[in-house]
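# Examination of the molecular architecture
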Amino acid sequence: MQMIENLNWRYATKQFDSAKQVSEENIENLMEAVRLSASSYGLQLFKVMVVKDPEVKAKLKPAAWNQAQISDASHLFIFCHYDDVQENHIDEYMNLVGDVRQLPADMLKQYGDFMKNSVLGLDLDTKQNWTARQTYIALGTLLAGCAELRIDSCPMEGFENDKFDEILGLKEKGLKSAVMAAVGYRSTEDQMQHLAKVRKSKEELFEII
């Protein structure tokens with residue numbers, strides 16, 4: 001599998017070369033990979049803020065404990081989930097299913113009602129935890145896509161979510177930041193790239209039943 005080689009190549013890059021930018025074509029490819037990522041029910045109850053503006057990154061950096069990746073990486077992919085799941089989210093998705101698959105609304109109503117009964121009755125904390133977890137699935141797809149394109153990446157939870165939400169105006173959009181990834185190209189000075197990858201053995205990690 002080429003994917004195995006790609007995953008062996010990637011690591012959580014700590015120092016990016018700020019002079020190197022990811023091409024717009026490759027950013028488009030990465031966004032498409034995230035768009036196609038798996039999502040529970042297919043609902044995609046998240047949005048991704050792709051930040052390349054140096055001024056915006058400069059505002060975000062103090063809220064990420066001044067980590068160099070924020071300013072030095074080419075782009076930041078900030079995964080944000082909806083702070084509540086509303087009926088219209090499901091209705092909009094079912095309308096999209098009908099349009100793409102050319103199916104009448106009455107054929108989809110039963111499935112739409114099933115999702116509403118499963119999700120809308122959950123308490124707010126449960127819904128927020130669920131939608132936040134969906135962003136991590138998309139993050140994994142982004143990291144794999146970066147590795148395939150030989151673009152370096154660093155997944156990051158080390159930031160103050162409330163401050164990010166304020167800077168990016170997320171509250172007004174009904175969103176909360178969950179996790180992000182810095183993408184770009186590694187600096188030759190990043191010593192992490194020379195270290196052997198450390199992972200548990202298959203025997204320890206997997207149990208075949």
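In short, a report on the structure. (Residues numbered from 1 in each chain as written. Predicted model: local features only at pLDDT ≥ 70, side-chain atom pairs only at ≥ 80, totals over all residues. Heavy atoms only, no water.)

The secondary structure content of the chain amounts to nine helices and four strands. Taken from the N to the C terminus, the helices and strands of the chain come in the order α-α-β-α-α-β-α-α-α-β-α-β-α. With the C-alpha coordinates of the chain rotated into their principal frame, the extents come out at 60 × 45 × 35 Å. Within the chain, the fraction of its 209 residues that count as buried is 40%. As displayed, the chain offers around 12500 Å² of accessible surface, 52% of which is attributable to carbon and sulfur atoms. Charge-centre separation for the chain: the mean point of 24 positive side chains lies 3 Å from the mean point of 32 negative side chains. (Helix = DSSP H or I, 4+ residues; strand = E, 2+ residues; numbered from the N terminus. Buried < 20%, exposed > 50% of the residue type's maximum accessible area, 1.4 Å probe, protein only. Areas by Shrake-Rupley, 256 points an atom, 1.4 Å probe, with all protein chains shown as cover. Lys, Arg positive; Asp, Glu negative; His and termini not counted. Charge placed at Lys NZ, Arg CZ, Asp CG, Glu CD.)

For the rest of this paragraph, the subject is the pattern of salt bridges. Applying the stated criterion across every chain, the model contains nine salt bridges. A salt bridge links Lys 109 to Asp 113; the nearest nitrogen and oxygen atoms lie 2.6 Å apart. Linking Lys 109 with Asp 113, this pair stays in helix α6 (residues 105-119), spanning four residues, or about one helical turn. When its relative accessible area of 29% is taken as the criterion, Asp 113 is described as partly exposed. Salt bridges sharing partners connect three or more residues here, namely Glu 87, Asp 91 and Lys 116. (Salt bridge = Lys/Arg side-chain N within 4 Å of Asp/Glu carboxyl O.)

Here Ile 27 is to be found in helix α2 (residues 24-35). We classify Ile 27 as buried; its relative accessible area is 3%. Between the C-alpha atoms of Ile 27 and Arg 199, which are 172 residues apart in sequence, the distance is 29 Å. Leave out the neighbours within four places in its chain, and Ile 27 touches Val 22, Val 50, His 75 and Phe 77. (Contact = heavy atoms within 4.5 Å.)

A separate point is unusual backbone geometry. Phi at Asn 66 is positive, roughly 55°, even though this residue is not glycine. You can see Asn 66 is positioned in the loop between α3 (54-60) and α4 (68-72). Classification of Asn 66 by relative accessible area gives exposed; the value is 52%.

This brings us to the packing of aromatic side chains. Summed over all chains, the structure comprises four aromatic pairs. On the numbers, 6.3 Å between centres and 75° between planes, the contact of Tyr 41 with Phe 114 is edge-to-face. Taken together, the positions of Tyr 41 in the loop between α2 and β1 (46-51) and Phe 114 in helix α6 put the pair 73 residues apart, joining distant regions of the chain. (Phe/Tyr/Trp six-rings, centres within 6.5 Å; stacked < 30°, edge-to-face > 60°.)

If you look at the biggest cluster of nonpolar residues, it comprises 32 residues, and the most contacted ones within it are Leu 43, Leu 60, Ile 70, Leu 76, Ile 78, Phe 164 and Met 180. Of all elements in the fold, only β1, β2 (75-82), α5 (87-101), α6, β3 (152-156) and β4 (175-184) reach the threshold of two or more residues within this core. The contact partners of Leu 76, leaving out residues within four places of it in the chain, are Met 49, Val 50, Val 51, Lys 57, Leu 60, Gln 69, Ile 70, Ala 181 and Ala 182. Of all hydrophobic cores here, the second largest spans 16 residues; its members include Val 22, Leu 30, Phe 77 and Cys 146. (Core = buried A, V, L, I, M, F, W, Y, C linked by side-chain atoms within 4.5 Å.)

Compared with the 21 Å implied by 1.5 Å per residue over 15 residues, the 20 Å span of α6 between its first and last C-alpha is a close match. Looking at the buried residues of α6, the elements they touch are α5 and α7 (124-148). (Expected span 1.5 Å × (residues − 1).)

Okay, the side chain of Asp 152 next. In this fold, Asp 152 is placed in strand β3. A polar contact of 2.7 Å, which involves the side chain of Asp 152, links it to the side chain of Arg 186. When sequence neighbours within four positions are dropped, the list of residues in contact with Asp 152 reads Trp 9, Tyr 11, Thr 13, Phe 16, Ala 182, Val 183, Gly 184, Tyr 185 and Arg 186. (Polar contact = N/O pair within 3.5 Å; in protein donor to acceptor, adjacent residues only side chain to side chain.)

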